[in-house]
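Here is how the chains run, residue by residue.
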Amino acid sequence: MVLQNLRPTNFAKDPDTENTPPSTSSHPKGLVSRLQDASRRRRARTSGMPARNPKYHVDQAKRRSNARPKTSVRFIVTTVPTLADVEMADAASSSSLRPRSYPISLPKELARPEFKDISSEALLAVEPSLEETDLQFLRDSLESLGPELMQSLANVKVNPVKDRLPKELTVLAHDMTAILPTHMLAVFGRPSPSSSGSVPSPRPRKVTLFPVHSLVLLAHCANLPKPPSALPVPLTGQQEVQLPIWSLCLPSPLTYPQLSTYLYTKQIDHILKSFLPCSPPSTLMQDPSQILAFATHLSATFTIQALTKYALTVHGLWQNVCALGIFDDNLWDAMDVMWKSLLTALAIATGEPSLMLSPQTNQPPTSS
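What you see is a predicted model; the values in this text were computed from it and never measured. Numbering of residues begins from 1 in every chain and follows the order in which that chain's sequence is written. For this predicted model, a pLDDT threshold of at least 70 governs which residues receive local features, and a threshold of 80 or more governs which side-chain atom pairs are given and counted, while totals over whole chains, interfaces and linings are taken from all residues. Neither water nor hydrogens contribute to the side-chain values; these are computed over all heavy atoms in the structure.

Asker: Quick question: what am I supposed to make of helix 11 (residues 304–324) here?
Answerer: Because each turn of an α-helix spans 3.6 residues, side chains separated by three or four positions in sequence point in the same direction. Between the first and last C-alpha of helix 11 there are 30 Å, a value that for 21 residues agrees with the 30 Å anticipated at 1.5 Å per step. A simple rule labels every residue: compare its accessible area, found with a 1.4 Å probe on the protein chains alone, to the largest value its type can have, and call it buried under 20%, exposed over 50%, or partly exposed in between. Labels follow the DSSP assignment, with helices taken as runs of H or I lasting at least four residues and strands as runs of E lasting at least two, numbered in each case from the N terminus. Considered for burial, the residues of helix 11 that qualify are Leu 307, Thr 308, Ala 311, Val 314, His 315, Gly 316, Leu 317, Trp 318, Asn 320, Val 321 and Leu 324. Gly 325 occupies a position one or two residues after helix 11 and carries a positive phi of about 75°. Working rule for helices: expected span equals 1.5 Å times residues minus one.

Below, the structure is given as structure tokens:
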């Protein structure tokens, strides 16, 4: 649900400090009991909540040791007037219809922030019974429930909201036997500077509402703002349910839905198909040597403008992943592959393959 012209009354004032642990709150018994059932089936209870991510540390160390002097690449992108532009222009403005070129600088590699553990205090505040549950096991259990949780989100109908965002929102749950969401996430972007300078504009911002299960986000994101306490959920019948609003400021609100779907399902193919202009080879993630051939295909199939748009979208996904503190190996590997593929395609398309290719591979293969 997209809301226009909402006042930022309930928004967090500083998105950079939105990682404080949540206060004690109740979590729907449906999800917790299902996780406990999964725990008994797997018999994988261990002690110690935080789980390290050794692969992430290794990749991060390699990036530091292999640091190159050139950390960004600069492309020249040309804009071409569309048919609509031509139809709306008059003779006096014909000069504005000429192609225009502008430079765009992008990092050659997506930087990886320092690893940060998920807060055990944050998880235990949501559900104290998770005290002796291993974090990776918790994530695996949530993943096994992913399709069911996603279906429960689709079964929630949000009542309209007018000009101000309330603290709680009434939703209609079509299936009360499902594991109901705990919160309504209000996602919005950072305020744009006012015309007078760097002071944020007081104008209302666009807000998009997403029903969420707080435990899914808290199990994957180390930098989350404090969620409000969950409200009691009715147990029987098709009823209206009150969900607390959980405000979340992100660098790229438009890429949140795809990221959220991944955190629920862990389907990396969905990420690749969502952020690339066409489906990549099925083994691209396992065999990075295919990147050059795939990039050559992209450069011959799509315009420079389209490739730039997709690159900026992947950059927005990366910004969200860094802002939320997500250190998922598969997600980071996918972002690296997509980024290298798109930048290599841009380098070839703009006639500057040396920006991304070494002298030994400076001649891209012929696209079929």
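Asker: Sorry if this is basic, but what is going on with the nonpolar core here?
Answerer: One broad rule of soluble globular proteins: the nonpolar side chains tend to lie buried together. Residues enter a nonpolar core if they are buried and are Ala, Val, Leu, Ile, Met, Phe, Trp, Tyr or Cys, with the set joined through side-chain atoms within 4.5 Å. One finds Phe 75, Leu 138, Leu 185, Met 335 and Met 338 to be the most contacted residues of the largest nonpolar core, which totals 75 residues. When sequence neighbours within four positions are dropped, the list of residues in contact with Phe 75 reads Tyr 102, Pro 103, Ile 104, Leu 106, Leu 343, Leu 346, Ala 347, Thr 350 and Leu 355. In this structure, Val 158, Val 161, Val 171 and Cys 249 belong to the second largest nonpolar core, which totals 18 residues. Residue contacts follow a heavy-atom distance rule, with two residues in contact if any of their heavy atoms lie within 4.5 Å.

Asker: Where do I start with helix 9 (residues 268–275) in this structure?
Answerer: For helix 9, the full list of buried residues reads Ile 268, Ile 271, Leu 272 and Phe 275. Across the axial projection of helix 9, the buried residues extend over an arc of 95°, all falling on one side. Against helix 8 (256–265), helix 11 and helix 12 (329–349) lie the buried residues of helix 9. Directions drawn from the helix axis to the C-beta atoms are what define this arc.

Asker: What is the right way to read the pairing of strand 7 (residues 205–212) from this model?
Answerer: Strand residues, when the strand is regular, have side chains that alternate between the two faces of the sheet. Counting buried positions along strand 7 yields seven of eight residues, so the element is predominantly enclosed. At least two DSSP bridges between two strands are needed for those strands to be called paired. Sheet topology places strand 6 (residues 183–189) next to strand 7; six bridges connect them, and they run antiparallel. Each residue of the ladder has a partner; that of Ala 186, found in strand 7, is Leu 209.

Asker: What's the story with the packing of aromatic side chains in this structure? I'm lost.
Answerer: Where two aromatic rings form a pair, the distance of their centres and the angle of their planes describe that pair. For Phe, Tyr and Trp, where Trp contributes only its six-membered ring, two rings pair if their centres lie within 6.5 Å, and the inter-plane angle classes them as stacked under 30 degrees, edge-to-face over 60, or tilted in between. Under the criterion given, the structure shown has two aromatic pairs. Ring geometry for Phe 115 versus Phe 327: centroids 5.0 Å apart, planes at 55°, classification tilted. Taken as a pair, Phe 115 in the loop between strand 3 (100–107) and helix 4 (120–126) and Phe 327 in the loop between helix 11 and helix 12 lie far apart in primary sequence, 212 residues in all. Relative accessible area serves as the criterion here: at 9%, Phe 327 is assigned to the buried category. Pairing Phe 210 with Tyr 256 gives two aromatic rings, centres 5.0 Å apart and planes at 55°, and the pair type is tilted. Separated by 46 residues along the polypeptide, Phe 210 in strand 7 and Tyr 256 in helix 8 bring together distant segments of the chain. Both residues of the pair, Phe 210 and Tyr 256, belong to the buried class.

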